[in-house]
Amino acid sequence: MIDLFKHRIASFALFFVVMVMFTTASYADILLSPLKVVIEGRDRSGQVVLINSGDKTNTYNIAWEQYDQNPETGGYDFIDKAKTPGRIDLQDFAVFTPRKVTLEPGERQIIRVGIRRPADLADGEYKSHIKFTALPDETVEYQTMQEGNTAAAKVITSFSIPAVYRVGEYDSQVTIGDPSFGVQPTTGLLQLMVPLTHTGKHGVLGEFEIYYQSKGEEEKYLMSFQNVNIFPETSRKDVAIPLDSYGFDPGTLRIVYFKAEGDKNDYVKIAEKSIPVVN
């Protein structure tokens, strides 16, 4: 059996950090559903629901941002539109309303995205990000530990989600390479590295589902890993999936990659791969 006991101290430390992050995020007072906007086919509009999840009235600004996926890291690089003349992105021909909204605690607002498609728009995928910013209504005081001074700052929290418009017949092929087990270099935690290779005019907003079958037993669902997005500008993406909380007897891991768009029942399997688990 693969014994993960040696990772437990590191796991606890990571768990503590993650819990602090989630606790901090709970003060952001922003809840979005879904975490992406996809418009394709004959559709010309999409929407996302913004909810004030805090306990006070908040004002939110909503604006476009432009990022490209970095083909080396899989992360995102900010694109300055003013420095890229001639480039066509979703924000160049889409609009959303409203652009600013004030919500009481628990109140929600539908943000609608509409397409004003140019007549000569070429087949392909057009992407921008929608940035939601919760504006502070008061100055927050905090103590600096180094000098013992009290400083004042306005805390602004924002989230960005991808908005995608696809033109033409859907064209995206994703294959899973040879996954491998490894150790996260900074934490020492066990992880599964999954390489994805992509071709085509369109991308995939996807997620993994992982299944495990020990020898002589039925296959069982193990976990899901979300927000595994790969866009047209990226031909390869290496995904690190944490596995430190699991232990395995010899058997098989099956990795399934889904086009995770729309309702769960609408998800489409794009690729899958099985790998052996050995001592």
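See above for the structure.
Residues numbered from 1 in each chain as written. Predicted model: local features only at pLDDT ≥ 70, side-chain atom pairs only at ≥ 80, totals over all residues. Heavy atoms only, no water.

Caption draft 1: Just the pairing of strand E15 (residues 180-183), in detail. By the bridge criterion, four bridges tie E15 to strand E16 (residues 190-199) in an arrangement that is antiparallel. Bridge assignment links Ser180 to a residue of E16, and that residue is Met193. Hairpin connection of E15 to E16: six residues between the antiparallel strands, including Gly188 at a positive phi of 75°. (Pairing = 2+ DSSP bridges. Helix = DSSP H or I, 4+ residues; strand = E, 2+ residues; numbered from the N terminus.)

Caption draft 2: Representation of the sheet that holds strand E3 (residues 45-51). Taken together, four strands build an open sheet; the order of strands is E1-E3-E9-E7 and the sheet is antiparallel. Pairing within the sheet leaves two strands with one partner each, and these edge strands are strand E1 (31-33) and strand E7 (94-97). Each strand of the sheet is rotated relative to its neighbour by a mean of 20°, with strand direction disregarded. Where E1 lies against E3, three bridges are found, and the strand directions are antiparallel. (Axes fitted to C-alpha atoms, helices over the stretch in contact; angles between N-to-C directions.)

Caption draft 3: Region of the structure containing the side chain of Asn58. Along the chain, Asn58 turns up in strand E4 (residues 58-65). Judged by relative accessible area, which is 4%, Asn58 ranks as buried. Looking at Asn58, its side chain comes within polar contact range of the side chain of Asp29, at 3.0 Å. (Buried < 20%, exposed > 50% of the residue type's maximum accessible area, 1.4 Å probe, protein only. Polar contact = N/O pair within 3.5 Å; in protein donor to acceptor, adjacent residues only side chain to side chain.)

Caption draft 4: Molecular detail of unusual backbone geometry. Note the cis peptide between Ser33 and Pro34, where omega equals -5°. Structurally, Pro34 is set in the loop between E1 and strand E2 (37-39). Following Thr97, the chain continues to Pro98 via a peptide bond in cis, the omega torsion being -10°. Its location among the elements puts Pro98 in the loop between E7 and strand E8 (100-103).

Caption draft 5: Quick peek at the packing of aromatic side chains. All chains considered together, the criterion is met by eight aromatic pairs. Between Tyr67 and Phe78, the ring centres sit 5.8 Å apart and the planes meet at 75°, which makes this aromatic pair edge-to-face. Pair noted here: Tyr67 is in strand E5 (residues 67-69) and Phe78 is in strand E6 (residues 76-78), with a separation of 11 residues, a long-range link. Note on Tyr67: relative accessible area 19%, which makes it buried. Of the residues examined, Phe78 reaches a relative accessible area of 54% and is grouped as exposed. Ring centres 5.0 Å apart and planes at 65° place the aromatic pair Tyr212 and Phe248 in the edge-to-face group. Separated by 36 residues along the polypeptide, Tyr212 in strand E17 (residues 204-214) and Phe248 in the loop between strand E19 (236-242) and strand E20 (251-259) bring together distant segments of the chain. Take Tyr212 and Phe248: they sit in the same class, and that class is buried. The structure contains a cluster of three or more aromatic residues connected by ring pairs, namely Phe93, Tyr126 and Tyr165. Here Arg254 stacks its cationic end above the ring of Tyr211, 4.6 Å away from the centre of that ring. (Phe/Tyr/Trp six-rings, centres within 6.5 Å; stacked < 30°, edge-to-face > 60°. Lys NZ or Arg CZ within 6 Å of the ring centre and 35° of its normal.)

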